Amino acid sequence: MFFDLRKQNELFWLSSSLLEKGGLCHGFSTRRGGVSPAPWDSLNLRPGQGDGQEALAENYRRFFAVCGGEWQRAVLSRQVHETTVRLCTAADAGKGLFAPRDYTADALITNEPNLPLVVFSADCGILLLYDPVQRAIGAVHAGWRGCAAGIVEKTVREMECAFSSRPEDLLAAIGPCIGQCCFETDDDVPSAMTAALGAAAAPLMERRGAKWHVDLAGLNRQWLLRAGLDSANIDLCGLCTACRPDLFWSHRKTGDARGAQIAMIALSPAEKGGDR
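None of the values given here were measured: they were computed from a predicted structure.

## Some thoughts on the sheet that holds strand β14 (residues 234-236)
Phase 1: Strand order in the open sheet made by the 6 strands is β5-β6-β9-β8-β10-β14, with mixed pairing throughout. Only two strands of the sheet have a single partner each, and these edge strands are β5 (85-87) and β14. Going across the sheet, the axis of each strand differs from the next one's by a mean of 15°, ignoring polarity.
Phase 2: By the bridge criterion, 3 bridges tie strand β10 (residues 171-174) to β14 in an arrangement that is parallel. Bridge pairing in β14 links Ala172 to Ile234.
Phase 3: Sitting on the sheet, helix α3 (residues 151-163) is in contact with β5, β6 (107-110), β8 (125-131) and β9 (136-142), with an inclination near 160° to β9.

Shown next, in the form of structure tokens:
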């Protein structure tokens, strides 16, 4: 299991070897290869920024051209650092790009073909889930608040309820996020993680002087294991968004004067009517 950094023309993106399955499109964007001007340069995929709708649409077109799927049908999360998981249907196609998002949700799930799910990050954890047995997918935004609140495990449970997914069948890819090297916090984050995960959180947090350094990706992985996923079915990117300004935006480094990366996953149109 590993992540590939890929390039086509000037566009760079990441893909998980674990999710390289037939009938599935996915990708984790970087900041490179789009048309947005500074400070959103150049592959900004976050709506509502100063680069405008025309640049946003072209960036989506470029990203989906290399990853697959129809960008016009993408369903965008509306992230509020909570644990709402939205079951998306064809009626949600284009929400966030061409229609208002009449929901808040930090995680999206579906078994609809040709309905790409999109979550955002500029340091927070982003995860993609795929059930190759029931043909269902999920996309999760899990910053430290969502992580501590258990959004990752909740998304797995919602896939169980909605699609009869079994945790042991699920494949998961944890994308780039701020690493333990750069995620420096006070006592509030370790306290929340310990309250949520107990002793399992301790190896993923280290006190260095007056501050803690927290492994957010590792904590999200711990939630996946707690939810019942096989460790062999979890792919971890390992890149730190704060350490790699050449590839990523980092909220900790630049604040709001930035764009955002996305994680996208979609079942191909060929999945419609497939075996269940």
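Read on for the rest.
## Re the pattern of salt bridges
Phase 1: Tallying each qualifying case throughout the model produces 18 salt bridges.
Phase 2: The shortest N-O distance in the salt bridge between Arg157 and Glu153 comes to 3.3 Å. Of the two residues, Arg157 and Glu153 both sit in helix α3, 4 residues apart, roughly one turn of that helix.
Phase 3: A relative accessible area of 31% places Arg157 in the partly exposed class.
Phase 4: Asp169 is the salt-bridge partner of Arg166, the closest N and O atoms lying 2.9 Å from each other.

## With respect to the packing of helix α4 (residues 188-197) against helix α5 (residues 216-227)
Phase 1: One can describe the packing of α4 onto α5 by two numbers: an axis separation of 12 Å at closest approach and a directional angle of 10°. As the angle between them shows, α4 and α5 are arranged roughly parallel. Between α4 and α5, the contacting residues are Met193, Ala196 and Leu197 on the first element and Leu219, Gln222, Trp223 and Arg226 on the second.
Phase 2: By residue class, the composition of the contact of α4 with α5 is 5 nonpolar, 1 polar and 1 charged.

## Description of the pairing of strand β12 (residues 205-208)
Phase 1: In the sheet, β12 pairs with strand β13 (residues 211-214) via 4 bridges, with the strands oriented antiparallel. Looking at β13, one finds that Arg207 is bridged to Trp212.

## A closer look at the sheet that holds strand β3 (residues 24-29)
Phase 1: Read from one edge to the other, the open sheet built from 6 strands follows the order β1-β2-β3-β15-β7-β4, with strand pairing classed as mixed. The sheet is open, and its two borders are formed by β1 (3-8) and β4 (75-76), each paired with just one other strand.
Phase 2: Note: β1 against strand β2 (residues 11-16), 6 bridges, orientation antiparallel. Paired with Arg6 across the bridge in β2 is Trp13.

## A short note on the packing of α3 against α5
Phase 1: Relative to each other, α3 and α5 sit at 35°, their axes nearing to 8 Å. Of the two elements, α3 crosses α5, and the hand of that crossing is right-handed. Contacts between α3 and α5 involve Val152, Glu153, Val156 and Arg157 from the former and Asn220, Trp223, Leu224, Arg226 and Ala227 from the latter.
Phase 2: Looking at the contact of α3 with α5, its residues break down into 5 nonpolar, 1 polar and 3 charged.

## Quick look at the packing of aromatic side chains
Phase 1: With the rule as written, the count across this model stands at 4 aromatic pairs.
Phase 2: Taking 5.6 Å as the distance between ring centres and 45° as the angle between the ring planes, the aromatic pair formed by Trp71 and Phe98 counts as tilted. With Trp71 in the loop between α1 (52-67) and β4 and Phe98 in the loop between β5 and β6, the pair connects residues that are 27 residues apart, well separated along the chain.
Phase 3: Residue classification places Trp71 among the buried positions, given a relative accessible area of 15%.
Phase 4: Over the ring of Phe12 we find Arg32; its NZ or CZ atom is 4.1 Å from the centre of that ring.

Parameters at a glance
- Residues numbered from 1 in each chain as written.
- Predicted model: local features only at pLDDT ≥ 70, side-chain atom pairs only at ≥ 80, totals over all residues.
- Heavy atoms only, no water.
- Pairing = 2+ DSSP bridges.
- Helix = DSSP H or I, 4+ residues; strand = E, 2+ residues; numbered from the N terminus.
- Axes fitted to C-alpha atoms, helices over the stretch in contact; angles between N-to-C directions.
- Contact = heavy atoms within 4.5 Å.
- Salt bridge = Lys/Arg side-chain N within 4 Å of Asp/Glu carboxyl O.
- Buried < 20%, exposed > 50% of the residue type's maximum accessible area, 1.4 Å probe, protein only.
- Parallel < 35°, antiparallel > 145°, perpendicular 65-115°, else oblique.
- Nonpolar A, V, L, I, M, F, W, Y, C, P; charged D, E, K, R; others polar.
- Left-handed = near helix turned anticlockwise from the far one by under 90°.
- Phe/Tyr/Trp six-rings, centres within 6.5 Å; stacked < 30°, edge-to-face > 60°.
- Lys NZ or Arg CZ within 6 Å of the ring centre and 35° of its normal.

Remember, this is a structural readout, not a statement about activity or role.
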